[in-house]
Structures are given as structure tokens and as C-alpha cells.
Protein chains: 2
Amino acid sequence: MASLNAVDDGDIDLAQRLADAAASVTRRYFRQDLGVEAKDDLTPVTIADREAESAIRELLAAERPGDGIVGEEHGNHNAEHDRVWVIDPIDGTKSFMTGRAIFGTLIALMVEGSPVLGVIDQPVQGERWVGAKGHPTLFNGQPATTRTCPSPAAAVVATTTPEMFKRATDRESFERLTAASAIQLYGGDCYLYGQLACGWLDLVVEAGMNLYDYAALAPVVTGAGGVISDWQGAPLTGRSDGRVLAAGDPACHETAIGLLSG
Amino acid sequence: MASLNAVDDGDIDLAQRLADAAASVTRRYFRQDLGVEAKDDLTPVTIADREAESAIRELLAAERPGDGIVGEEHGNHNAEHDRVWVIDPIDGTKSFMTGRAIFGTLIALMVEGSPVLGVIDQPVQGERWVGAKGHPTLFNGQPATTRTCPSPAAAVVATTTPEMFKRATDRESFERLTAASAIQLYGGDCYLYGQLACGWLDLVVEAGMNLYDYAALAPVVTGAGGVISDWQGAPLTGRSDGRVLAAGDPACHETAIGLLSG
């Protein structure tokens, strides 16, 4: 089965062309005055978001018409297929809408429920992480590796926003982990996982994430030598609960899981 | 007196050359593996930070030997002079040390205790804001203007980290303001004030800032049509208490001051 083997070069190439298609849209709209809609939860959704996802779906329809698609903006198509592309055209919409070039386009391929290929693309700075099962993670074409950091006590731990932890128990877990860590960094969305894959920070702890937020992150982190899981330490799948912990160093991951559990 | 008039072009030119001198250092060290020291409060201080400040001080010693200097890394020199250059070679050291190009070099000129000239420079992305009394704020050489946003209810409000609000009363003020705002953005340091000057976000609320953190921000925000003050609404000076509120729209500033006061 494909799921046991390395990801096919054709899929890796396609994932990058999907990111290119999104980039040509997002770059055009970045820092332009846009009408911005608000969803119920006030996440800003821009015209760029929808157009970028349409560009990705068009290419997928032409090249992989049988595959499933799960997208943030335009919903699901054949989502029960063995092969599903999971896309978030603009992850970090708050950064995008405030002119900050640390948002990202996320492209993932799930096979039998597990992410096997992921791209994190920052189109304005021209930065791209590509992770695929059986391949080393690449940052702008060069191998990326996480750094050694055996304990949270020496770690830089990052989180997009403390507002992610809506449940009191999640907030307590988060606070236990950050209190045990050396340095806390806020903001960043998917970009944080790229930083971790390059060995620039040590831990990312988040919650309330959707499949399209985390699917692409897993192969990038894993292929760079890191570990990414839910807060119980289980690998991320289509059925994960949206709590995510990533660590550059497997030893640090294990200790962090213990801290989250209390 | 100079303080009543527009800032001299020679000072504006010098401030930009000081930023250039720092940029040649910080760009060289960005994303390089460095030995990082920790101060007592765990702020990371890099070799780049110290070398960049030295480069700035060398140029100041040559061109304005009589002026005072206040710097984050190498202390004060003639700090009681009428004219004092206030410099922070790397504001946003956590972003710098984790490979995130939204840190900045801050250069300010204070005249008789008030900031009259400020530069926010992002050397990796090649972005620069220049604000000076009597001149419109420029972003990469083009005029920058804040946007209309009469009320916090419609505002994007930004803060580097909620850990800034160490006192319970400050934390309550912060939470009152963010609860009344539309969208909350975390992370960013000085870069947030540049975003505000360009009309990409509406409010920045922070605390625990030092003179070298805020002096350069004031002329940039003011020259773009915004308002920046302490939490009582008083202009920032060398004697401010480190609580800062910036708004793109003066009406929004007034309401936000009321929310902070409770």
C-alpha cells in the first residue's frame, strides 16, 4: 500500500504547484485594501482566501479528479476517499490581514486517514517547507532539522494565542507547560512549525485546531526529526481532537506530554 | 528652539544611516547559530544585539560627539543632554532568535525629553518606517497613514505578549480593552506600531516598556495620523511609566483610554 511507502515524487511536485497557484493569488492581495467578512467566530476571511482555494481546487480537479478534498473555505469533496488533499489557503488570517508576512498556505495529502505529505508556504518572504513520508523535510530546497533540547526547562515554547485554550483544563495544562519552559513566544500560526523544523524553536503547544490547520504540519515536523501529536502523545489523524503538541527533540516531547497531563 | 520646529534633514539622514549600520550586523547574524546569553529576566541577548549597538555608537561618536546616548546594551552617555539618541539594536529579540523577520532596530532622537524622530527598521524584509516631527511618516519612502476606526468594537488590537501585564490591575485593564475589541493579535514588538502606522491594524496596548522600546515609536505613529500615549493619555516622554497605548484613529484612542481606566 502507498501508505507504507515513501510519498511519490509526483504528489510532492503537485503539492508544490498547488502552493504556487495559491501564492500567485495571496501575493496579489497582501496589503491591499479588501472587503473583509467575519465568520461567527470573527476569524477574518478574505477574498484572497477564497480565490486561493479555488485556484488549488481547479488544479486538483484537473490532475487528481478522483482524490478527495477537505478545504477551509469551500468544504469537502469525496472526503471519505483513501487519498484526501487537505488545504488551508491562508493559515494565519490575522497576520495576513494586518500586513504581516508570517501567514502560510497549507497543503496536505492524507492517505487512509494519516497525513503523509505537507507543505507550509510563506509566499511573500518566498519561504517553503516540504515534508513527505520517506523524505527529509526541505526548507527552500535544503534539508531542515530540528535542534536538540532535551527538556522544556531549556526550551523556547510558542503558541499563536492564549485564547486558543478555551477550556479551563486546557488553559491549566498550557500554563503548566509554559511555566516550566525558558522562553515563551506568541503569534505565528503554521509559521511556528516551520521555525521548529529548522531548529529555531523547541516546542509549539496549541488547541482548537481543525484538520486543515494541522494536517500539513505533521509531515514537515516529523521529516525534520521532530515529534508532533495530540496532547496524549497519539499521532495526528483525521480524528484528532485539535490539541497539538510539537517538539523538535523527542525527549522534550515526552516531558511536555507529562506536563500537559498534570 | 529645535524642539518647536521640524526635525532637521541632517538628523533624519543620520538616523537612517544608523539603521543601515545596525542592519549590516543583524542581517549577518539572523538565523545563524549563536551563543545566546540570558539576562536575569530571560530576555535573550545576542552577540548581534551588542555588535549592532556598537556600530550605531561608533557612527554617533563620529558625527554627533556632543549628543547624549541611551542604549539597551551599552548603557547611557550624556543622558542629560538636550539632545539624546535612544537606541534598541534588536527590539523583538525572541522573534530574532527564532528566525522570524518581524523584529526591528529602533533609533530615536529625543529633544528636551520628548521623542521628535523615530526609525523602525526591519532589515531582513527590507522595511523601514521613518517618523519625524514636522514631516509625514514614510514607509519605505512612501507616506504612511493610519486608518479610520472610530471605536474599539471594530478594532484589531495587538499586543506582543499577555505576560507584559504583570500587575493584576494592568491585566484587568488589558482584558477590558480586548474584550471590547473585534480581533486580537499577538506577537510583534515594534513591528506592530509600523503596521498601525500603515493602517493595517487599529490599536496596540502594551506595558512594561523601557524608553528604548517606545521612544522611536512615537514619531512614527504621530506622523502617520495616529495617537500614542501612556494609559492616562499623556504623551510619551523620558519619564513615562512604560504603559503604552497607540491608536490609528484619535477617537478610538479616547475610547480605549476610558476602557483602560475602568
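Above this text you will find the structure in question.
Heads up: these notes are all about the structure in this document. (Residues numbered from 1 in each chain as written. Chains lettered and ligands numbered in written order. Predicted model: local features only at pLDDT ≥ 70, side-chain atom pairs only at ≥ 80, totals over all residues. Heavy atoms only, no water.)

Observations regarding the sheet that holds strand β6 (residues 104-111) of chain B
Residues and elements named next belong to chain B.
Item 1. A sheet is described by the order of its strands in space; here eight strands give the open sequence β4-β3-β5-β6-β7-β8-β9-β10, paired in mixed fashion. On the outer flanks of this sheet lie β4 (75-77) and β10 (142-143), each paired with one strand and no other.
Item 2. Alignment of strand β5 (residues 83-91) against β6, held across seven bridges, turns out to be antiparallel. Each bridged residue has a counterpart across the sheet, and for valine 84 the counterpart in β6 is methionine 110.
Item 3. Sitting on the sheet, helix α2 (residues 47-63) touches β3 (68-71), β4, β5 and β6, and the angle it makes with β5 is about 155°. (Pairing = 2+ DSSP bridges. Helix = DSSP H or I, 4+ residues; strand = E, 2+ residues; numbered from the N terminus. Contact = heavy atoms within 4.5 Å. Axes fitted to C-alpha atoms, helices over the stretch in contact; angles between N-to-C directions.)

Focus on the interface of chain B and chain A
It is common to give the size of an interface as the accessible area lost on bringing the parts into contact.
Item 1. Contacts between the two partners involve 31 residues from chain B, matched on the other side by 31 residues from chain A.
Item 2. Counting each side, the surface lost to burial between chain B and chain A is near 2,500 Å², with a carbon and sulfur contribution of 57%.
Item 3. If you look at where chain B meets chain A, you find two salt bridges.
Item 4. A:Arg31 is the partner of B:Glu127 in a salt bridge, and the nearest nitrogen-oxygen pair spans 2.9 Å.
Item 5. Where chain B meets chain A, there are 12 residue pairs in polar contact (both at pLDDT 80 or more).
Item 6. Those elements giving two or more residues to the side of chain B that touches chain A turn out to be α3 (93-97), β12 (183-186) and α5 (191-197) of chain B.
Item 7. Per-element tally for the side of chain B that touches chain A: the top contributor is β12(B), with four residues.
Item 8. Taken together, the residues that form the side of chain B that touches chain A break down as 16 nonpolar, 10 polar and five charged. (Buried area = accessible area lost by both parts, 1.4 Å probe. Salt bridge = Lys/Arg side-chain N within 4 Å of Asp/Glu carboxyl O. Polar contact = N/O pair within 3.5 Å; in protein donor to acceptor, adjacent residues only side chain to side chain. Nonpolar A, V, L, I, M, F, W, Y, C, P; charged D, E, K, R; others polar.)

Brief notes about the side chain of A:Thr159
All names here are of chain A.
Item 1. Take threonine 159: it is sitting in strand β11 (residues 156-159).
Item 2. You can call threonine 159 buried: its relative accessible area is 0%.
Item 3. Separated by 3.2 Å, the side chain of threonine 159 and the backbone oxygen of valine 205 make a polar contact.
Item 4. Contacts of threonine 159, omitting those with residues within four sequence positions, involve Met164, Phe165, Phe174, Gln184, Leu185, Tyr186, Gly187, Leu192, Val205 and Glu206. (Buried < 20%, exposed > 50% of the residue type's maximum accessible area, 1.4 Å probe, protein only.)

Considering the packing of helix α4 (residues 168-179) of chain A against helix α8 (residues 250-261) of chain A
Residue and element names in this part refer to chain A.
Item 1. At a minimum axis separation of 7 Å, α4 and α8 run at an interaxial angle of 135°. Here α4 lies oblique to α8, going by the angle between them. Where α4 crosses over α8, the handedness of that crossing is right-handed. Contact residues: Ser173, Phe174, Arg176 and Leu177 in α4; Ala256, Leu259, Leu260 and Ser261 in α8.
Item 2. Looking at the contact of α4 with α8 residue by residue, the class counts come to five nonpolar, two polar and one charged. (Parallel < 35°, antiparallel > 145°, perpendicular 65-115°, else oblique. Left-handed = near helix turned anticlockwise from the far one by under 90°.)

Topic: the pairing of β5(B)
Each regular strand displays side chains that alternate between the two surfaces of the sheet.
Residue and element names in this part refer to chain B.
Item 1. Taken across its nine residues, β5 has eight buried, putting it largely inside the fold.
Item 2. As paired elements, β3 and β5 share four bridges and run parallel to each other. Looking across to β5, one finds that valine 70 is bridged to valine 86.

Some thoughts on the sheet that holds strand β5 (residues 83-91) of chain A
All names here are of chain A.
Item 1. A sheet is described by the order of its strands in space; here eight strands give the open sequence β4-β3-β5-β6-β7-β8-β9-β10, paired in mixed fashion. A single partner strand is all that each edge strand has here, and the edge strands are β4 (75-77) and β10 (142-143).
Item 2. Note: strand β7 (residues 114-122) against strand β8 (residues 127-132), six bridges, orientation antiparallel. Paired with aspartate 121 across the two strands is arginine 128, which belongs to β8.
Item 3. The sheet strands contacting helix α2 (residues 47-63) are β3 (68-71), β4, β5 and β6 (104-111), and the helix crosses β5 at an angle near 155°.

Re the state of the cysteines
Item 1. Applying the stated rule across the entire model yields zero disulfides over all chains.
Item 2. With no disulfide of its own, A:Cys198 lies 13 Å from the sulfur of A:Cys190, the closest cysteine sulfur. (Disulfide = S-S within 2.5 Å.)

Here's the deal with α2(B)
All names here are of chain B.
Item 1. Taking 1.5 Å as the rise per residue, α2 with 17 residues should run 24 Å; its terminal C-alpha atoms sit 25 Å apart, in good agreement.
Item 2. Regarding α2, the residues found buried are Ala48, Asp49, Ala52, Glu53, Ile56, Arg57 and Leu60. Seen from one end, α2 has its buried residues packed into an arc of 165°, which puts them on one side. Set apart from the buried face of α2 by more than 90 degrees, the exposed residues are Glu58 and Ala62. (Expected span 1.5 Å × (residues − 1). Arc of directions from axis to C-beta.)

Describing the pairing of β6(A)
Residues and elements named next belong to chain A.
Item 1. Judged by how many residues are buried, β6 sits mostly within the fold: eight of eight residues are covered.
Item 2. Alternating residues of β6 divide into Gly104, Leu106, Ala108 and Met110 and Thr105, Ile107, Leu109 and Val111, and every residue in both groups is buried.
Item 3. In this sheet, β7 lies alongside β6 in antiparallel orientation, the contact comprising seven bridges. Within β7, the residue paired with methionine 110 across the bridge is proline 115.
Item 4. Once β6 ends, the chain turns through two residues before running back antiparallel as β7, passing glutamate 112 with a positive phi of about 50°.

Some remarks on helix α8 (residues 250-261) of chain B
Residues and elements named next belong to chain B.
Item 1. Its 12 residues place the ends of α8 17 Å apart at the C-alpha level, agreeing with the 16 Å of an ideal helix rising 1.5 Å per residue.
Item 2. Those residues of α8 lying buried are Cys252, His253, Ala256, Ile257 and Leu260. Considered in projection along α8, the buried side chains sweep an arc of 140° and stay on one side of the axis. Residues of α8 that are exposed and angled more than 90 degrees away from the buried face: Glu254 and Ser261.

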